[in-house]
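Residue-level structural notes
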Amino acid sequence: MAETSKLTAKDGTEVPGALSEAPGGKASGAVILVHEWWGLNGHIRGVADRLAQEGFTVFAVDLFQGKVAKDPATAQQYMNALDWKQAEVALLRAAEALRQRQPGTKVGITGFCLGGALALFGAAKDPGLAACVPFYGIPGDDKADVTKIRAPVLGHFANQDDFCSPDRVNALEAKLKGTNVPAELHRYDAQHAFFNDTRPEVYSPQNAGTAWRRTVDFLHAKLG
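Residues numbered from 1 in each chain as written. Predicted model: local features only at pLDDT ≥ 70, side-chain atom pairs only at ≥ 80, totals over all residues. Heavy atoms only, no water.

Pairing is possible between side chains of opposite charge, provided their charged atoms come close. If you walk through the whole model with that rule in mind, you get nine salt bridges. Of the charged contacts, one joins E21 and R101 as a salt bridge, the two residues approaching to 2.5 Å between their closest N and O atoms. Within this pair, whereas E21 is found in the loop between β2 (14–20) and β3 (30–34), its partner R101 is found in helix α3 (residues 84–101), the two being separated by 80 residues in sequence. R101 gets classed as partly exposed once you look at its relative accessible area, which sits at 42%. Its salt-bridge partner being K177, residue E173 comes within 3.6 Å of it at the nearest N-O pair. Placement of both E173 and K177 in helix α5 (residues 166–178) is noted, with a separation of four residues, approximately one turn of the helix. Within the structure, one salt-bridge network assembled from shared partners comprises E173, K177 and R187. (Salt bridge = Lys/Arg side-chain N within 4 Å of Asp/Glu carboxyl O. Helix = DSSP H or I, 4+ residues; strand = E, 2+ residues; numbered from the N terminus. Buried < 20%, exposed > 50% of the residue type's maximum accessible area, 1.4 Å probe, protein only.)

Listed below in structure tokens is the structure:
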């Protein structure tokens with residue numbers, strides 16, 4: 001399981017999260033993983049471990065400072081209380097620290113739900129990121145200008161999703177392609193959070209498997 005740890009940025013500031021290393025310490029790139037509105041829970045730590053097994057150094061950043069929600073009402077509260085400016089600083093520092101650990105390392109970012117929105121947000125704020133993979137999350141226009149993204153984007157979205165509706169996905173795709181951001185957005189006949197295997201009411205094994213294979217191949221291509 002991804003071990004709780006902190007990455008230290010150049011200015012000495014520590015970014016909390018959980019670090020997973022590739023087998024044998026031989027990574028073909030680094031990935032920042034951003035949690036859902038539940039926080040940095042066991043599911044996200046497991047995803048970090050899976051990505052590490054695929055050959056990446058993975059840092060699952062903890063933007064809720066150790067808080068993990070057990071019910072939707074609490075998760076909503078945590079999400080609403082998130083300071084996006086502080087989140088920006090944490091993501092920038094995490095990317096910097098990952099590059100610093102092994103000079104020359106390419107860094108990508110991925111996330112789920114709230115984390116998917118923050119993946120796009122982070123890519124818009126850090127032109128040095130080499131890949132962005134959002135799962136069913138899009139930041140509001142008041143949070144980030146996605147046309148500033150320079151990293152190639154691979155997106156995974158659900159056709160049955162009130163949080164991240166198909167109309168919003170279409171609008172995101174038009175914005176990215178309208179400013180020549182390399183973007184490949186996939187739609188799945190599934191519900192929001194279809195990748196989360198701890199939520200049987202929405203989990204879609206076949207779609208999750210397809211999204212995972214696409215993600216791993218994409219990250220290897222862009223970070224390797």
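On the secondary structure map, A18 appears in strand β2. Each C-alpha atom, one on A18 and one on K6, is 7.2 Å from the other, the two residues being 12 residues apart in sequence.

Glancing now at the pairing of strand β4 (residues 57–61). Summarising burial for β4: five of the five residues are buried, a large majority. Across the two faces of β4 the burial is the same, with T57, F59 and V61 and V58 and A60 all buried. Of the strand pairs in this sheet, β2 and β4 are connected by four bridges, and their pairing is antiparallel. When the sheet's bridge partners are listed, L19 is paired in β4 with F59. Looking at chain direction, β3 and β4 are connected through five bridges and run parallel. Its bridge partner lying in β4, A30 is registered against T57. After leaving β3, the chain enters helix α1 (residues 42–53) and then returns to the sheet as β4, a path that is right-handed. (Pairing = 2+ DSSP bridges. Right-handed = clockwise from strand over helix to strand, strands pointing away.)

Next up on the list: α5. Compared with an ideal rise of 1.5 Å per residue, which puts 13 residues at 18 Å, α5 spans 18 Å between its outermost C-alpha atoms and is within 8% of the ideal. Every buried residue belonging to α5 is among V169, L172, E173 and L176, and all of these are buried. Here the buried residues of α5 occupy an arc of 100 degrees about the axis, which is enough to place them on one side. Structural note: α5 exposes D167, A174 and G178 on the side pointing more than 90 degrees away from its buried face. Each element contacted by the buried residues of α5 is listed here: α4 (114–125), β7 (153–160) and β8 (183–191). Downstream of α5 by one or two residues, N180 has phi in the positive range, about 60 degrees. (Expected span 1.5 Å × (residues − 1). Arc of directions from axis to C-beta. Contact = heavy atoms within 4.5 Å.)

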